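Survey of secondary and tertiary structure
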Amino acid sequence: MLLNQFLLLSAVLFCLGVYGVLARKNAVLVLMSIELMLNAVNINLVAFGALHDAVAGQVFALFVITIAAAEVGVGLAIVLLIFRNRASIDLDEVDLMKG
Amino acid sequence: MLENAWLIPLIPALTFWGILALGGRIGHQGVWLGIGGVASSFVLSLVAAVEWIGLGEGREAVSRHLTWWQLGEAEIGVGTHIDGLAVMMLVVVTFVSLMVHVYSTGYMHGDRRYVYFFAALSLFTASMLMLVVADNTLQLLIGWELVGLCSFMLIGHWWEEGANSSAAIKAFITTRTGDVGLLLGVTTLFFAAGQNFGIENLNRMAIAGEIRHGVLLAGAALLFLGVMGKSAQFPLHVWLPDAMAGPTPVSALIHAATMVVAGVYLVARLFGVFFAAFSIDAGGVNLVAIIGAITVLIAAALAFVQDDIKKVLAYSTVSQLGYMVMALGVGAWTAAVFHLFTHAFFKALLFLGSGSLIHAVHSNNMSEMGGLRKPMPTTYWTFMLGSVALAGIFPLAGFWSKDEILNGALAGGFPLMVAVGMVGAFMTAAYMTRACYLIFAGEYRGHGHPHESPPSMAWPLRILAVPAAVAGLLNAPGIGKFGEWVAFEVAGAGEIVEHHAFNPSLALLSLAIALSGIGVAAGVYFRNTWPRGAMAGSPALQLGHKVLVNKYYLDNLYIDGIIRTIQYPLAKAAYWFNQKVIDGVVNAFGIAARAAGNVVYEQVDQKVIDGIVNGAGLSAEEGGAILRRTQTGRVQQYAAYLFGAAALGAAALVYFT
């Protein structure tokens with residue numbers, strides 16, 4: 001009954017996250033956008049779980065939260081190291097693999 | 001031995017190879033190998049002669065033939081045909097060769113190529129024997145050419161001196177000129193006889209009239225050209241005096257007794273052909289008789305103006321060969337063959353005697369001899385005996401043979417030839433007297449100390465003196481049976497030549513002429529009678545003398561007139577052709593190939609092929625440069641590609657399910 005709305009919200013949030021990943025210069029903002037994408041996915045999972053009266057959706061969302069937390073930790077560590085080496089976290093400048 | 005006569009040429013051939021092969025190891029002993037070979041051949045020849053005589057009245061020739069290969073109708077093989085003529089030649093050749101071999105051990109002692117000389121002598125003996133026993137013209141031709149080769153080898157034995165090698169070349173080329181005729185003649189008769197080389201067959205067909213007369217005449221004339229070359233008939237006689245440049249034993253063996261008579265032997269052997277071709281029985285004057293007669297006279301004239309003893313004997317040989325050829329031309333077959341027989345002995349004796357003289361005074365010239373009677377008694381009496389035999393004095397060998405030639409000419413109806421023979425006999429006696437006077441009488445005019453020759457040289461002289469004296473008796477009427485033993489028979493026609501009875505008046509006349517020749521010459525030289533000094537006052541005699549000294553200018557004619565006018569323009573034309581035409585074609589090919597190569601290089605290789613290869617590389621490079629732009633190194637760009645692809649995939653998933 002309210003499924004479409006949840007899915008729409010999830011989709012909007014996801015697209016916003018994708019936009020942020022692709023278009024932001026600041027590395028931290030990219031990480032934040034990734035979090036946004038992940039949370040959108042969580043909403044999706046929980047909505048479908050509620051639809052089927054299954055607890056599996058929520059369990060899966062719990063996994064995703066855990067993974068997201070770990071991933072952000074590692075990601076921030078990487079961003080920190082980039083900043084230490086370059087004094088800047090502008091992703092446009094990290095093009096050492098340019099062919 | 002008549003059956004196995006092939007052994008007789010084989011033994012010297014084996015000793016030739018033996019000396020060459022073993023020469024290094026056995027050194028001077030190779031000489032004895034040569035002598036042994038010839039001696040055994042001589043013994044076998046004597047056995048064959050005895051056997052032949054022992055066959056009695058109805059004796060027939062013994063033939064053996066081995067076919068080498070057959071090509072259609074033509075059959076080529078080797079064989080022996082032993083009849084009286086062959087047996088006679090075998091004995092003569094081996095005997096004279098043996099004497100020369102023994103003589104050479106003394107004469108050639110210390111020579112630079114002592115053993116090689118004996119190898120060459122063996123080869124010559126083997127070749128001459130092969131020629132003599134031949135039963136077909138091809139084998140005869142091979143033997144003929146081989147003896148020519150040996151003559152060349154032996155004349156040029158001391159080839160380090162240019163004059164000797166020139167003489168050898170002159171001999172070879174002159175006889176070769178005649179050999180053109182011989183080769184053509186052999187070929188003509190081969191085809192005329194139905195592709196058959198056999199001699200007996202050829203004689204039979206010629207006498208029986210199975211060959212067309214024109215062909216027969218052409219064949220005989222061509223063969224006679226070869227005879228003119230080999231037997232030194234006018235005008236191809238010019239090589240024989242020059243051949244005296246070779247060692248004296250060579251002159252004795254080859255240019256007196258054996259090789260030069262090969263031509264006479266050829267005519268005698270193929271007499272059926274000549275008899276029929278020139279119609280000798282009809283008594284017409286023919287080419288053979290004319291050439292023989294001319295040769296007798298011109299050579300005898302030349303013998304008068306020679307200073308070199310060997311040249312006197314050489315011209316004497318030419319003259320006597322003329323006698324033999326003339327005799328054959330008038331149909332006196334037995335006379336010619338008998339003269340060949342006796343002449344071999346006394347001419348070899350004379351030559352070996354001259355060698356003894358040369359050895360003693362170290363010079364060939366009679367102007368440096370004189371008064372040699374006392375120091376060299378053996379040489380003296382053998383040389384005198386040989387000279388008297390040559391002059392034709394009774395009872396020595398030359399008298400009987402020369403008389404028989406005159407007899408044959410008279411009975412055959414050739415008065416001109418009789419006259420020529422008489423004049424020739426006079427001249428022969430005269431020039432030999434001159435030679436003997438210059439050598440043995442008067443005071444010694446040289447510078448050395450002449451002494452008698454060693455036994456190795458003296459004994460052959462003594463031994464040869466025996467047949468020179470008595471061989472004539474073999475054909476003396478009533479005493480000798482030479483005419484029976486050596487007769488010319490044609491299968492189916494029997495004997496075609498007549499035997500003429502002994503003519504005592506003719507014999508006395510020829511004896512008188514010979515004695516007068518001796519007498520006149522003796523008067524001129526010994527007693528200084530009138531003709532001496534006549535030359536100083538008479539321009540005609542001086543001109544004649546000049547012509548004789550220049551050998552009738554024949555050499556000048558041959559060398560300047562014929563050879564130079566042909567050789568130089570021909571050589572120049574050939575050279576021009578070679579440089580301009582042939583080299584032009586070859587060079588043109590080269591130039592064309594080079595130009596083609598250049599074109600291929602510039603157009604095809606550089607432009608097309610390299611273009612393709614470079615183009616491949618360039619396109620790879622350009623493609624890479626273009627594609628490289630996708631590698632920005634910016635993570636967000638890569639993420640954009642990823643999300644784009646995912647979206648497309650999702651859309652496809654949604655739309656296609």
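Scope of this entry: the structure provided in the associated data block. (Residues numbered from 1 in each chain as written. Chains lettered and ligands numbered in written order. Predicted model: local features only at pLDDT ≥ 70, side-chain atom pairs only at ≥ 80, totals over all residues.)

1. A look at the overall build of chain A
Across its full length, chain A carries three helices and zero strands. Going from the N terminus to the C terminus, chain A shows its helices and strands as α-α-α. Residue burial in chain A is summarised as follows: out of 99 residues, 10% are buried. Long-range contacts, defined here as pairs at least 24 residues apart, represent 47% of the contacts in chain A between residues at least 6 apart. (Helix = DSSP H or I, 4+ residues; strand = E, 2+ residues; numbered from the N terminus. Buried ≥ 20, exposed ≤ 12 C-beta atoms within 10 Å, placed from the backbone. Contact = placed C-beta atoms within 7 Å.)

2. Side note on the overall build of chain B
Looking only at helices and strands, chain B has 25 helices and four strands in total. Taken against the 2.2 N^0.38 rule, which gives 26 Å for 657 residues, the C-alpha radius of gyration of chain B at 38 Å runs more than 25% over that of a compact globule. With the C-alpha coordinates aligned to their principal axes, the bounding extent of chain B is approximately 155 × 65 × 55 Å. Per-residue burial for chain B yields a buried fraction of 48% across its 657 residues. A separation threshold of at least 6 residues defines the contact pool for chain B, and within that pool the share at least 24 residues apart is 80%. (Rg over C-alpha atoms; globule rule 2.2 N^0.38 Å.)

3. Quick look at the interface of chain B and chain A
Contact with chain B, which involves 10 residues of that partner, is made by 11 residues of chain A. Sorting elements by how many residues they give to the side of chain B that touches chain A places helix 25 (residues 635–655) of chain B first, with five residues. Classifying every residue of the side of chain B that touches chain A gives four nonpolar, four polar and two charged. (Nonpolar A, V, L, I, M, F, W, Y, C, P; charged D, E, K, R; others polar.)

4. Regarding helix 21 (residues 504–526) of chain B
Residue and element names in this part refer to chain B. Here helix 21 is 23 residues long and its end C-alpha atoms lie 31 Å apart, about the 33 Å a rise of 1.5 Å per residue gives. Within helix 21 the residues assigned to the buried category are Ala507, Ser510, Ile513, Ala514, Gly517, Ile518 and Ala521. Looking at the packing, one finds that the buried side of helix 21 touches helix 16 (377–391), helix 17 (397–412) and helix 18 (415–440). (Expected span 1.5 Å × (residues − 1).)

5. Quick notes on the packing of helix 4 (residues 114–133) of chain B against helix 5 (residues 137–155) of chain B
Pairs of packed helices are described in terms of their axes, by the angle between the two and the distance that separates them. All names here are of chain B. At their nearest, the axes of helix 4 and helix 5 sit 8 Å apart, and the two run at 155° to each other. Looking at the two axes, helix 4 sits roughly antiparallel to helix 5. Here helix 4 and helix 5 pass one another in a crossing that is left-handed. Across from Ala120, Leu123, Phe124, Ser127, Met128, Met130 and Leu131 in helix 4, the residues of helix 5 making contact are Gln139, Leu140, Gly143, Trp144, Leu146, Val147, Cys150, Met153 and Leu154. By residue class, the composition of the contact of helix 4 with helix 5 is 13 nonpolar, three polar and no charged. (Axes fitted to C-alpha atoms, helices over the stretch in contact; angles between N-to-C directions. Parallel < 35°, antiparallel > 145°, perpendicular 65-115°, else oblique. Left-handed = near helix turned anticlockwise from the far one by under 90°.)

6. Quick notes on the packing of helix 17 of chain B against helix 21 of chain B
Residue and element names in this part refer to chain B. Following both chains from N to C, one finds helix 17 and helix 21 inclined at 125°, their axes separated by 10 Å at the closest point. The orientation of helix 17 relative to helix 21 falls into the category oblique. Where helix 17 crosses over helix 21, the handedness of that crossing is right-handed. Taking contact as the criterion, the partners of Phe399, Lys402, Asp403, Leu406, Asn407 and Leu410 in helix 17 are, on helix 21, Leu506, Ala507, Ser510 and Leu511. In terms of residue class, the contact of helix 17 with helix 21 is made up of six nonpolar, two polar and two charged.

7. Section: the pairing of strand 1 (residues 62–71) of chain B
Residues and elements named next belong to chain B. Taking burial as the measure, the 10 residues of strand 1 include one buried ones, a minor fraction of the element. Across nine bridges, the pairing between strand 1 and strand 2 (residues 74–82) is antiparallel. Residue pairing in the sheet places Ser63 in a bridge with His81 of strand 2. Here strand 1 hands over to strand 2 after two residues, with Gly72 in that stretch at a positive phi of 65°. (Pairing = 2+ DSSP bridges.)

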